[in-house]
Amino acid sequence: MALQSSGQISLNEIHIEAGGSSGTEVTINDSDVRALISASSESEIEIADFYGASSSWVVTLVSGSTTYRGILQTIAPTTGWTSQSYLNSGTITDDTFDPIASQGISSTSTVSTPGIIRDMFTNNALTQTFFRIWAVTEPSDSGWSTIRCQGTGGDSTDNTLNRTDGNAFYNSSQGYRQYRWGTSSSPVVFIPAFSTTYTITAV
Amino acid sequence: MAITWKILHMDRLATSDGRSDVVKNVFWYCSDSDANGNYGYSYGNTQLSVSGISDDNFTLYSSLTEADVIQWVKDDLAASTAEVGGSNDLTIVENCVTDAIANQQYTLRHQGVPW
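Throughout this document, residue positions are counted from 1 along each chain, in the order its sequence is written. In the order they appear in the text, chains get letters beginning with A and ligands get numbers beginning with 1. Under the rules for a predicted model, residues below a pLDDT of 70 receive no local features and side-chain atom pairs below 80 are neither given nor counted, while totals for whole chains, interfaces and linings still include all residues. Side-chain numbers come from the whole structure's heavy atoms, not from hydrogens or water.

Student: Could you give an account of the overall build of chain B, naming the residues involved and the relevant values?
Tutor: When helices and strands are tallied, chain B shows 2 helices and 4 strands. A run of H or I in DSSP becomes a helix once it reaches four residues, and a run of E becomes a strand once it reaches two; helices and strands are each numbered from the N terminus. In chain B, the succession of α and β elements from N to C terminus is β-β-β-α-α-β. Considered along the principal axes of its C-alpha atoms, chain B spans approximately 50 × 45 × 15 Å. Within chain B, the fraction of its 115 residues that count as buried is 38%. In what follows, residue pairs with any heavy atoms lying within 4.5 Å of each other are defined as contacts. Look at the contacts in chain B between residues 6 or more apart in sequence, and 55% of them connect residues 24 or more apart. As presented, chain B carries roughly 6500 Å² of accessible surface, and 49% of it is formed by carbon and sulfur atoms. Relative accessibility decides the category of a residue: with a 1.4 Å probe and only protein chains considered, values under 20% of the type maximum give buried, values over 50% give exposed, and everything between is partly exposed. Note on areas: Shrake-Rupley, 1.4 Å probe, and residue coverage restricted to the protein chains presented here.

So this is what it looks like as structure tokens:
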């Protein structure tokens, strides 16, 4: 849940939003706190900078028009993640993946965003859902535990996948982590339709 | 050399469909290296289907071997294909290991703990 957009915010509330435990020691310069607003270790920040900040990753996704109900990367990103290109006409409002921002990315990294979405789709042929994240360092599972797909307008779609229910592996050669849910005998239709607008939240 | 698969550990259900100690989640690691010390690796977890298992296809936990479980993992990965016309996950994982060695991305690593 995002922090309030006005009024008084306590450092404790910010710490909880960043994933910390209530009442435990925290400073505004802690890396997890600064990561909430993507602030570098050198930049000056104040409490007001945290208005509306959220540890959740929320994007609008328009699913592809054929084969893949979601988005599928076709071109490997270059330094700076500048070459994202998605197959089958899917689009996404923000392919940076914020929940892994607190994973100790070097401040000297030339890549400003530690992770981006490589693919997120339900395979129409196999009824398996894939979620792949490129990262500048070897990503752990921390930062998120569920991913949710909600329909927009009159679409009542509301599907949630638990990270711990998925199959995962790290591709050390290409630098991405893949999560997969569902099998042919146990389908998990996360993104149910083509050419449809969904709100995707990871938290 | 050849890619080596290892099972790091397994989560198992205490009971499921009247059976005890049913393996559910398998954590695996695979790696290889060349004579020059270049190294490649991948690791992950595989959730096994635990419903509808016939008696003929069920192996008692106490009788399982690492080879049995590695084969389950490989079978699951082989049944997964993200991209139409692309490779299945087993091929992707094994190619990841060999590509990392060919590209000299990592130096030799060992796994384990000192205690």
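So that's the structure; there's more coming.
Student: Outline the nonpolar core, supporting the account with residue identities and numerical values.
Tutor: If you look at the biggest cluster of nonpolar residues, it comprises 23 residues, and the most contacted ones within it are Trp57(A), Ile92(A), Ile117(A), Met120(A), Phe131(A), Ile147(A) and Ile200(A). Setting aside residues up to four positions removed in sequence, Ile147(A) forms contacts with Met120(A), Phe131(A), Asn159(A), Thr160(A), Leu161(A), Trp181(A), Phe190(A), Ile200(A), Thr201(A) and Ala202(A). Membership of the second largest hydrophobic core comes to 21 residues, among which are Leu64(B), Leu90(B), Val97(B) and Ile101(B). Residues enter a nonpolar core if they are buried and are Ala, Val, Leu, Ile, Met, Phe, Trp, Tyr or Cys, with the set joined through side-chain atoms within 4.5 Å.

Student: So, the environment of Asn171(A): which residues are in play, and what are the values?
Tutor: Along the chain, the position of Asn171(A) falls in strand β9 (residues 167–171). Given a relative accessible area of 1%, Asn171(A) falls into the buried group. Sequence separation between Asn171(A) and Val188(A) is 17 residues; the distance between their C-alpha atoms is 23 Å. Apart from the residues lying within four places of it in its own chain, the contact partners of Asn171(A) are Tyr176(A), Ile92(B) and Cys96(B).

Student: I'd like a description of the packing of aromatic side chains, backed by residues and values.
Tutor: Two aromatic rings from Phe, Tyr or Trp, using only the six-membered ring of Trp, form a pair when their centres are within 6.5 Å; if the ring planes differ by under 30 degrees the pair is stacked, by over 60 it is edge-to-face, and anything between is tilted. Counted by the stated rule, this structure contains 19 aromatic pairs over all chains. Connected via pairs of aromatic rings, a cluster forms that spans Trp57(A), Phe97(A), Phe131(A), Trp144(A), Tyr179(A) and Trp181(A). It is Arg12(B) that lies over the ring of Tyr61(B); its NZ or CZ is 4.2 Å from the centre. Geometrically, a charge over a ring is one whose NZ (Lys) or CZ (Arg) sits within 6 Å of the ring centre while staying within 35 degrees of the ring normal.

Student: Residue-level account of the confidence of the model for chain B, with values.
Tutor: Along the chain, pLDDT gives the predictor's confidence residue by residue, from 0 to 100. Model confidence for chain B is summarised by a mean pLDDT of 93, while 100% of its residues fall at 70 or above. The ipTM value of the predicted complex is 0.91, and its pTM value is 0.83.

Student: Tell me about the pattern of salt bridges, and please be specific about residues and values.
Tutor: Any two side chains of opposite charge can pair if their charged atoms end up close together. Residues and elements named next belong to chain B. The salt bridge definition used is simple: a Lys or Arg side-chain nitrogen within 4 Å of an Asp or Glu carboxyl oxygen. Considering all chains together, one arrives at 8 salt bridges over all chains under this definition. When the shortest N-O distance is used, the salt bridge between Lys 6 and Glu 66 registers 3.6 Å. Of this pair, Lys 6 sits in strand β1 (residues 4–16) while Glu 66 sits in helix α1 (residues 66–78), placing them 60 residues apart in sequence. A relative accessible area of 41% means that Lys 6 is categorised as partly exposed. Residue classification places Glu 66 among the partly exposed positions, given a relative accessible area of 33%.

Student: Which residues make up the sheet that holds strand β1 (residues 57–62) of chain A, and what values go with them?
Tutor: Residue and element names in this part refer to chain A. In this analysis, strands are considered paired if DSSP registers two or more bridges between them. Strand order in the open sheet formed by 5 strands is β4-β1-β11-β7-β8, and the pairing between neighbours is antiparallel. Only two strands of the sheet have a single partner each, and these edge strands are β4 (91–92) and β8 (158–162). In this structure, β1 lies alongside strand β11 (residues 197–202), joined through 6 bridges in antiparallel fashion. Within β11, the residue paired with Thr 60 across the bridge is Thr 199.

Student: Quick rundown of the pairing of β1(A)? Include the residues and the values.
Tutor: All names here are of chain A. Only one face of β1 is covered, namely the face carrying Trp 57, Val 59 and Leu 61; the face carrying Val 58, Thr 60 and Val 62 is uncovered. Pairing of β1 with β4, which is carried by 2 bridges, proceeds in the antiparallel orientation. Along β4, the bridge assignment pairs Val 62 with Thr 91.

Student: Report on the interface of chain A and chain B, specifying residues and quantitative values.
Tutor: The interface of chain A with chain B comprises 27 residues on the first partner and 25 residues on the second. The buried area of a pairing is the accessible area, by a 1.4 Å probe, that goes missing from both parts when the two are put together, added over both. Summed over both sides, the interface of chain A with chain B buries roughly 1900 Å², with 38% coming from carbon and sulfur. Among the residues chain A hides against chain B, the three largest losses belong to Phe169(A), Ser172(A) and Ser173(A). Together they make up 27% of the total. Inspection of the chain A/chain B interface yields 2 salt bridges. Its salt-bridge partner being Asp76(B), residue Arg180(A) comes within 2.5 Å of it at the nearest N-O pair. Counting of polar contacts relies on pairs of N or O atoms within 3.5 Å, with two restrictions inside protein: one atom must be capable of donating a hydrogen and the other of accepting it, and residues adjacent in sequence are counted only when both atoms are side-chain atoms. Taken together, the links from chain A to chain B amount to 17 residue pairs in polar contact (both at pLDDT 80 or more).

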